[in-house]
Amino acid sequence: MKMLRVIISCLAVSCMACICKAVTIPDSIRESVGRPGAAPCEGVWQFARDGAVIAIMPNASGNYDIISLDSPDLYVPKGAVLGSAGCISGDGKEYELSMFTGTDANGNLVRKRKFVASVTGEGNSAISLVPRGASAKLNFWVLYRFFVNMSVRSQKKVKKLEATRIFPYNPCNTINPIVL
């Protein structure tokens with residue numbers, strides 16, 4: 001029984017270490033997005049769904065680059081430019097993103113998709129990405145279920161991705177509180 005407790009406590013500690021992993025933010029990104037007067041979308045963001053970390057920073061053309069800092073996909077290198085973003089609202093709270101969402105067997109970025117991103121939350125502490133494009137698709141398995149009256153497992157499509165700002169630090173961020 002004592003051995004079981006030791007194994008469970010070791011598993012709990014290793015799970016917490018996976019959840020609370022630190023992300024190294026390069027100094028060039030810290031200087032770029034940490035300056036006063038930065039746009040609401042500029043910063044380092046962590047997605048709640050898979051833990052991916054991206055940086056959104058300005059480029060020379062007046063738009064923004066989306067850079068990978070940490071990804072659950074091992075083929076996506078750190079520092080890879082995943083896409084670009086441009087402001088579509090007057091208050092700077094909505095952006096149109098064009099971003100790669102996957103890799104092939106050779107490690108090349110593939111599946112470029114368009115999103116509409118909205119910066120929300122108190123102190124611009126959250127961003128939500130909604131896929132843009134055709135929302136009506138014909139699913140053969142759903143029709144099959146109606147015709148044959150069998151239950152078939154269907155995969156649900158992601159409707160919205162949520163991310164939380166992790167840099168510059170936002171005191172309103174209650175999702176990832178700082179532990180003293």
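The structure presented is a predicted model; accordingly, all values stated were derived computationally and were not measured. (Residues numbered from 1 in each chain as written. Predicted model: local features only at pLDDT ≥ 70, side-chain atom pairs only at ≥ 80, totals over all residues. Heavy atoms only, no water.)

Participant: Which residues make up the pattern of salt bridges, and what are the values?
Facilitator: Counted under the stated rule, the structure contains three salt bridges. As a salt-bridge pair, Glu96 and Arg132 come within 2.5 Å of each other at their nearest N and O atoms. Of the two residues, Glu96 sits in strand β5 (residues 94-103) while Arg132 sits in the loop between β7 (126-131) and α3 (140-148), which places them 36 residues apart along the sequence. Since its relative accessible area comes to 28%, Glu96 is described here as partly exposed. Among the residues examined, Arg132 registers a relative accessible area of 47% and is labelled partly exposed. (Salt bridge = Lys/Arg side-chain N within 4 Å of Asp/Glu carboxyl O. Helix = DSSP H or I, 4+ residues; strand = E, 2+ residues; numbered from the N terminus. Buried < 20%, exposed > 50% of the residue type's maximum accessible area, 1.4 Å probe, protein only.)

Participant: Quick one: what's the story with the sheet that holds strand β8 (residues 161-167), residue by residue and with numbers?
Facilitator: Ordered by their spatial adjacency, eight strands build a closed barrel running β1-β2-β3-β4-β5-β6-β7-β8, and the pairing between neighbours is antiparallel. Between one strand axis and the next, the sheet turns through 35 degrees on average, direction left out of account. Strand direction decides the pairing type here: strand β2 (residues 53-58) and strand β3 (residues 64-70), joined by six bridges, are antiparallel. What sits directly across from Pro58, in β3, is Tyr64. (Pairing = 2+ DSSP bridges. Axes fitted to C-alpha atoms, helices over the stretch in contact; angles between N-to-C directions.)

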